[in-house]
Amino acid sequence: MTLLVPDSPAVHPPQQVKAVREKTARDKAAREKTVWPVLPPDAAVGPAVYGEDTAVERAKADLERLLSLRSRMGELESTRVDDGVLRTDPALAPLLPGGGLQPGGVYSVGTTSLVMALLAGPSAEGAWCAVVGMPGFGAEAAALLGIDLDRLVLVPHPGDHWFSVTAALADAVSVVVAVPGSRVGEAEAARLAARLRQRRAVLLVCGAWPRVDARLGVASSRWTGVGEGHGYLATRELTVAVESRSWGRERRGRLLVTPDGRLEAASAPAGFPALKAVV
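Here the structure is a predicted model, which is why all the values come from computation and not from measurement. (Residues numbered from 1 in each chain as written. Predicted model: local features only at pLDDT ≥ 70, side-chain atom pairs only at ≥ 80, totals over all residues. Heavy atoms only, no water.)

1. So, unusual backbone geometry
Right, so step 1: We note that Arg200 has phi near 60°; this positive angle belongs to a residue other than glycine.
Right, so step 2: Looking at where Arg200 falls in the secondary structure, it is placed in the loop between helix H7 (186-199) and strand S5 (202-205). (Helix = DSSP H or I, 4+ residues; strand = E, 2+ residues; numbered from the N terminus.)

Following this line, the structure appears as structure tokens:
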């Protein structure tokens with residue numbers, strides 16, 4: 001008599017059991033050798049992570065991190081420069097990049113009155129200043145504006161050595177005013193600019209200069225206080241124009257020079273008949 005026994009998962013020939021065990025061992029070894037990508041905890045796992053776009057996604061992520069880091073570095077550099085700005089007259093501050101004189105900057109200034117107004121703030125805060133090649137610079141007027149004469153170096157007649165004198169003073173003082181005695185080349189201006197940045201000094205130039213951070217000039221000027229044949233000059237009203245590489249268009253502001261020499265922002269037109277300045 002023949003007994004038929006149905007197939008059961010628990011009953012296998014020895015050869016089949018051996019084959020299954022070997023296949024299981026090979027699969028385990030293969031899994032252990034597989035290198036899976038390491039993802040950050042907040043990464044989204046999907047087809048783009050393990051598929052063909054993995055390299056592209058990684059490149060995009062690296063670029064975003066680089067741009068973010070570069071932006072952050074720019075913010076830190078801007079903050080560092082702004083923190084070291086030399087404060088000047090409050091009436092001029094809104095017209096200047098950063099609200100004052102940037103250390104290492106070069107500014108072209110059109111008039112002596114603006115030069116004195118720019119020097120007044122740093123000098124009042126204890127900074128040393130120097131004026132080179134400006135024999136008409138009035139010490140009494142400078143003192144009235146708040147410039148400390150005890151920390152002011154005057155070199156009225158530097159002659160042909162004006163550039164070397166200016167460069168030497170840039171190593172010792174915070175603000176240097178210079179009237180160029182000759183044409184300045186690009187190479188000379190670049191070397192002096194590097195020295196200014198290294199020493200964190202400021203150069204105010206009254207004349208032509210190859211490269212400047214801002215240009216300040218008087219667009220218009222008039223006096224008040226004189227009527228029809230009588231009266232005294234009381235207040236001078238200036239329209240100051242500033243051009244800078246920091247913004248795309250010119251900035252203008254109306255300022256008043258009071259009888260005692262102070263500079264104020266003109267909030268409204270003066271109530272006296274105006275006498276235009278004759279240049």
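2. Considering the pairing of strand S4 (residues 175-178)
Right, so step 1: Residues Val175 and Val177 of S4 are buried on one face, and the alternating residues Val176 and Ala178, pointing to the opposite face, are buried as well.
Right, so step 2: Here 4 bridges tie S4 to S5, and the two strands are oriented parallel to one another. Considered in S5, the bridge of Val176 is made with Leu203. (Buried < 20%, exposed > 50% of the residue type's maximum accessible area, 1.4 Å probe, protein only. Pairing = 2+ DSSP bridges.)

3. A word on the environment of Val218
Right, so step 1: By secondary structure assignment, the location of Val218 is in strand S6 (residues 214-226).
Right, so step 2: C-alpha separation for the pair Val218 and Leu238, spaced 20 residues apart in sequence, amounts to 6.5 Å.
Right, so step 3: With near-sequence residues (within four places) excluded, Val218 lies in contact with Thr111, Leu114, Leu238 and Thr239. (Contact = heavy atoms within 4.5 Å.)

4. Some words on the packing of helix H6 (residues 162-170) against H7
Right, so step 1: In the contact formed by H6 and H7, the axes pass within 9 Å of each other and the chain directions differ by 20°. When the interaxial angle is binned, H6 and H7 end up roughly parallel. Handedness of the crossing formed by H6 with H7: left-handed. Contacts from Phe163, Thr166, Ala167, Ala168 and Ala170 of H6 reach H7 at Glu188, Leu192, Arg195, Leu196 and Arg199.
Right, so step 2: The residue inventory of the contact of H6 with H7, partitioned by class, reads 6 nonpolar, 1 polar and 3 charged. (Axes fitted to C-alpha atoms, helices over the stretch in contact; angles between N-to-C directions. Parallel < 35°, antiparallel > 145°, perpendicular 65-115°, else oblique. Left-handed = near helix turned anticlockwise from the far one by under 90°. Nonpolar A, V, L, I, M, F, W, Y, C, P; charged D, E, K, R; others polar.)

5. Here's the deal with H6
Right, so step 1: When H6 is considered as a whole, its buried residues turn out to be Trp162, Phe163, Thr166, Ala167, Leu169 and Ala170. The arc that holds the buried residues of H6, viewed along the axis, is 165°, so those residues lie on one side.
Right, so step 2: Buried residues in H6 make contact with strand S2 (129-132), strand S3 (152-155), S4, H7 and S5. (Arc of directions from axis to C-beta.)

6. Regarding the pairing of strand S7 (residues 231-244)
Right, so step 1: Across 11 bridges, the pairing between S6 and S7 is antiparallel. Among the inter-strand pairings, Trp223 is bridged to a residue of S7, identified as Arg236.
Right, so step 2: Where S7 meets strand S8 (residues 251-257), 7 bridges bridge the pair, whose relative direction is antiparallel. Paired with Val240 across the strands is Gly253, a residue of S8.

7. With respect to the pattern of salt bridges
Right, so step 1: All chains considered together, the criterion is met by 5 salt bridges.
Right, so step 2: A salt bridge links Asp171 to Arg199, with the shortest nitrogen-to-oxygen separation between them at 3.3 Å. Note that Asp171 is positioned in the loop between H6 and S4 and Arg199 in helix H7, a separation of 28 residues in sequence.
Right, so step 3: Overlapping salt bridges, with partners in common, bring together Asp171, Arg195 and Arg199 in one network. (Salt bridge = Lys/Arg side-chain N within 4 Å of Asp/Glu carboxyl O.)

8. Let's talk about the confidence of the model for the protein
Right, so step 1: Residues at a pLDDT of 70 or more form 71% of the protein, whose mean pLDDT is 76.
Right, so step 2: Low pLDDT, under 50, characterises residues 45-50; the stretch is placed with 10 contacts to residues that sit more than four places away or in other chains.
Right, so step 3: Low pLDDT, under 50, characterises residues 76-82; the stretch is placed with 5 contacts to residues that sit more than four places away or in other chains. (pLDDT = per-residue confidence, 0-100.)

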